[in-house]
Amino acid sequence: MSDTLIQPVLARLEERQPLIEHWLKAFLRIPSVSADPAFAPGMAQARDFLCERLRREGLANVQLLDGGGEAAVYGEWLGAPGKPTLLIYGHYDVQPADPLDLWRTPPFEPTEIDGRLYARGTSDVKGSTTVALEVVFAYLATLRSCPVNIKVFLEGEEETGSPTLRTLIQRHGPLLAADAVLSADGGRASAKVPTINTGARGNAALEIRLRTADKDLHSGRYGGGVRNALHEMAALLATLHTPDGRVAVAGFDDDATPPTPRQRQDTAAFPYDEAAFFTDVGAASHGEPGYSPRERITLRPALDVNGMWGGYTGAGTKTIIPCEASAKLTVRVVQGQDPARVIRAVLAHLQAACPPGCALDVTALTDGSPASTLAPGHPLVQAASAVLRASAGQEPIHVRLGASVPITSVFKETLGIDTLMFGFNLPDEDVHAPNEFFRLGSIREGVQAWTRLLDALSRYAPAAFREG
């Protein structure tokens, strides 16, 4: 399609801005919290709400896909023979709104303030999901066709770690077969310059318990004479890093692919106020020597203690020597690393460093997902670059996410296809926190970009997505 042919689509989307916002608000009023069984009615309502809209707008084969957990919503339009088939991914579930007393507006009553729409799920990710869907609907309404074949896949378990996603794909693999994935999740890295997400770190998790006695002991009778579980846990966890911030686990990054010159150049080009980054959260820079802070959080692996507990934590004093302490740890892995190997290397380090007289048990171990990477020459990257270059008037910067987006590696592993994250949320929109919001201006920017992106991707042969 030429730019002239997509003008009716862009015009319709511009005219429909108030209606798009109205529909998004209705979507946001549905409390689709996947983590809390008390919100099961909201989850079911969200599925019905989405299925009804997909059918009404002309998608076929609309159905729920079950993997043993919260079902995904599916619909398709396959009227472009010879053109690529794109799986459009979003998720309809949201995080719990707690703590409720910190919200300035009701979390499930969308409220406009100064060009921002406040509600749980606005930024993550109902806003960007709405953007993607509205573009498909606009193509079908104006041209009676799309430039590419479309399969819509809206997950209901993203906020709980996608526990049944692999099973769901195994059950419905042929239905989900596509040439590539366009994800509404995974937003923009900057409001100042155009960016393209070309990858994300992977992750894995470990929970351990350390015991030093059969029961808690009176600190007057035993203090100074036995090991204290909390002391030992703190000392044990402290062995994971050297004082300068380097991970001290043997083999931790042996399989990590070194950052390429292009990745380091892109990272340096990204507008990043290092001082403000740390000042904004009241923290100080610390980490692996030899890398900038931005490189450390996007291009290098990391190991963090997420929680440590044990003993007495209530009001007042309880003079005990705790017999048990627990800790949760996670790793973030980069390209080339096997997250299962990395987290087991961490476990082996802890077991070897555990002192005599202590017992170390594993209470949970999650292999997680590997890092994801899109090559600069991939059609998804090339098409997105052309779209963003034309709209912004400058070359987009390639960025990697420090966070993990498991669906990218899951789709690669199970379906053999790559994912472009093309969401339009921004980093400061308080995702997962009270007072989450989405900029209303991002709707207009997003629908224009998605319209042009589908058009740009239609110019590639389906086989090019495997070669890229």
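Higher on the page you've got the structure.
Parameters at a glance
Residues numbered from 1 in each chain as written. Predicted model: local features only at pLDDT ≥ 70, side-chain atom pairs only at ≥ 80, totals over all residues. Heavy atoms only, no water. Helix = DSSP H or I, 4+ residues; strand = E, 2+ residues; numbered from the N terminus. Rg over C-alpha atoms; globule rule 2.2 N^0.38 Å. Buried < 20%, exposed > 50% of the residue type's maximum accessible area, 1.4 Å probe, protein only. Contact = heavy atoms within 4.5 Å. Areas by Shrake-Rupley, 256 points an atom, 1.4 Å probe, with all protein chains shown as cover. Lys, Arg positive; Asp, Glu negative; His and termini not counted. Charge placed at Lys NZ, Arg CZ, Asp CG, Glu CD. Pairing = 2+ DSSP bridges. Axes fitted to C-alpha atoms, helices over the stretch in contact; angles between N-to-C directions. Salt bridge = Lys/Arg side-chain N within 4 Å of Asp/Glu carboxyl O. Expected span 1.5 Å × (residues − 1). Parallel < 35°, antiparallel > 145°, perpendicular 65-115°, else oblique. Core = buried A, V, L, I, M, F, W, Y, C linked by side-chain atoms within 4.5 Å. Phe/Tyr/Trp six-rings, centres within 6.5 Å; stacked < 30°, edge-to-face > 60°.

So what's going on with the overall build of the chain? Residues and values would help.
Helix and strand content of the chain: 15 helices and 18 strands. Radius of gyration (C-alpha) of the chain: 24 Å, near the 23 Å computed for a compact globule of 468 residues. Looking at the 468 residues of the chain, the share that counts as buried comes to 53%. A separation of at least 24 residues holds for 80% of the contacts in the chain among residues at least 6 apart in sequence. As displayed, the chain has an accessible area near 19700 Å², and 52% of this comes from carbon and sulfur atoms. With 44 positive and 54 negative side-chain charges, the chain shows a spacing of 1 Å between the two charge centroids.

Can you tell me about the sheet that holds strand S4 (residues 111-113), naming the residues and giving the values?
With antiparallel pairing, 3 strands are arranged side by side in an open sheet as S4-S5-S18. At either margin of the open sheet sits one strand with a lone partner, and together these are S4 and strand S18 (437-439). The average undirected angle you get between the axes of adjacent strands in this sheet is 30°. This element, helix H4 (residues 122-143), spans strand S5 (116-118) and S18 of the sheet and lies at about 40° to S18.

Now, about the pattern of salt bridges: what can you tell me, with residues and values included?
One pass over the structure, following the stated rule, counts 29 salt bridges. Its salt-bridge partner being Arg-56, residue Glu-52 comes within 2.9 Å of it at the nearest N-O pair. Of this pair, Glu-52 and Arg-56 both sit in helix H3 (residues 40-56), separated by 4 residues, roughly a single helical turn. Overlapping salt bridges bring together Arg-16, Glu-52, Arg-53, Arg-56, Glu-57 and Glu-134 as one network.

An account of the sheet that holds strand S13 (residues 324-333) is requested, with residue identities and associated values reported.
What the 4 strands build is an open sheet, ordered S11-S13-S9-S14; its pairing is antiparallel. This sheet does not close on itself; its edge strands, each paired only once, are strand S11 (302-310) and strand S14 (359-369). Neighbour-to-neighbour, the strand axes of this sheet turn through a mean angle of 15°, independent of strand direction. Examined bridge by bridge, strand S9 (residues 202-211) and S13 share 10 bridges and lie antiparallel to one another. Bridge assignment links Ile-208 to a residue of S13, and that residue is Ala-327.

Which residues make up the environment of Pro-370, and what values go with them?
Take Pro-370: it is sitting in the loop between S14 and strand S15 (372-373). As a C-alpha pair, Pro-370 and Asn-203 span 167 residues in sequence and 6.5 Å in three-dimensional space. Beyond its immediate chain neighbours, meaning those up to four positions away, Pro-370 contacts Gly-202, Val-333, Gln-337, Pro-339 and Ser-409.

Explain helix H14 (residues 441-457) to me, and be specific about the residues and the numbers.
The end-to-end C-alpha separation of H14 is 25 Å, in line with the 24 Å expected for 17 residues at 1.5 Å each. Most of H14 is tucked away, with 12 of its 17 residues classed as buried. Listed as buried for H14 are Ser-442, Ile-443, Gly-446, Val-447, Ala-449, Trp-450, Thr-451, Leu-453, Leu-454, Asp-455, Ala-456 and Leu-457.

Describe unusual backbone geometry, and please don't skip the residues or the numbers.
In this model, Asp-98 is joined to Pro-99 through a cis peptide bond whose omega is 0°. Within the element layout of this structure, Pro-99 appears in the loop between strand S3 (85-91) and S4. The peptide bond linking Asp-124 to Val-125 adopts the cis configuration, its omega dihedral lying at -5°. Within the fold, Val-125 resides in helix H4. With a phi angle near 55°, Asn-61 is a residue other than glycine that sits in the positive phi range. By secondary structure assignment, the location of Asn-61 is in strand S1 (residues 60-65). We classify Asn-61 as partly exposed; its relative accessible area is 36%. The backbone of Asp-430 shows a phi angle near 55°, a positive value even though the residue is not glycine. Structurally, Asp-430 can be placed in the loop between strand S17 (419-421) and S18.

Could you give an account of the packing of helix H1 (residues 3-15) against helix H2 (residues 17-28), naming the residues involved and the relevant values?
In contact at an axis separation of 4 Å, H1 and H2 are set at 60° when each is read in the N-to-C sense. By the criterion of interaxial angle, the relationship of H1 to H2 is oblique. Only Gln-17, Pro-18 and Ile-20 of H2 make contact with H1, whose side of the interface consists of Leu-13, Glu-14 and Glu-15.

Describe in detail the nonpolar core, supporting the description with residues and values.
In this structure, Leu-182, Leu-420, Phe-422, Trp-450 and Leu-453 are the most contacted members of the largest nonpolar core, which totals 64 residues. Looking at this core element by element, the count peaks at 9 residues for H4. Apart from the residues lying within four places of it in its own chain, the contact partners of Trp-450 are Ile-88, Val-131, Ala-132, Val-135, Leu-182, Ser-183, Ala-184, Phe-422 and Phe-424. If you look at the next biggest cluster of nonpolar residues, it comprises 27 residues, including Ala-204, Ile-208, Leu-329 and Val-333.

I'd like to hear about the pairing of S3, residue by residue, with values.
S3 sits mainly inside the fold: 7 of its 7 residues count as buried. Here S3 shows two buried faces, one formed by Thr-85, Leu-87, Tyr-89 and His-91 and the other by Leu-86, Ile-88 and Gly-90. As defined by bridge partners, S3 adjoins strand S6 (residues 149-155) across 7 bridges and the pair is classed as parallel. Residue pairing for S6: Gly-90 is matched across the bridge by Leu-154.

Please give an account of the pairing of S9 that cites residues and values.
Side-chain positions along a regular strand alternate between the two faces of the sheet. Two elements, S9 and S14, share 8 bridges in a ladder whose sense is antiparallel. Bridge pairing links Asn-203 to Ser-369 in S14.

I'd like a description of the side chain of Ser-442, backed by residues and values.
Examined against the element boundaries, Ser-442 turns out to sit in helix H14. Taking the relative accessible area as the measure of exposure, Ser-442 reaches 1% and is therefore buried. Apart from the residues lying within four places of it in its own chain, the contact partners of Ser-442 are Val-131, Arg-188 and Phe-424.

For the packing of aromatic side chains, give the residues involved together with the corresponding values.
Scanning the entire structure with this criterion turns up 13 aromatic pairs. Relative to Phe-27, the ring of Trp-23 has its centre 5.3 Å away and its plane inclined at 45°; by these criteria the two rings are tilted. Residue Trp-23 and its partner Phe-27 are located together in helix H2, separated by 4 residues, close to a single helical turn. For the residue pair Trp-23 and Phe-27, the accessibility class agrees, reading buried in each case. Ring centres of Tyr-460 and Phe-465 lie 6.1 Å apart, and the angle between their planes is 65°; this geometry places the pair in the edge-to-face category. For Tyr-460, a relative accessible area of 26% gives the class partly exposed. The class of Phe-465 is buried, set by a relative accessible area of 2%.

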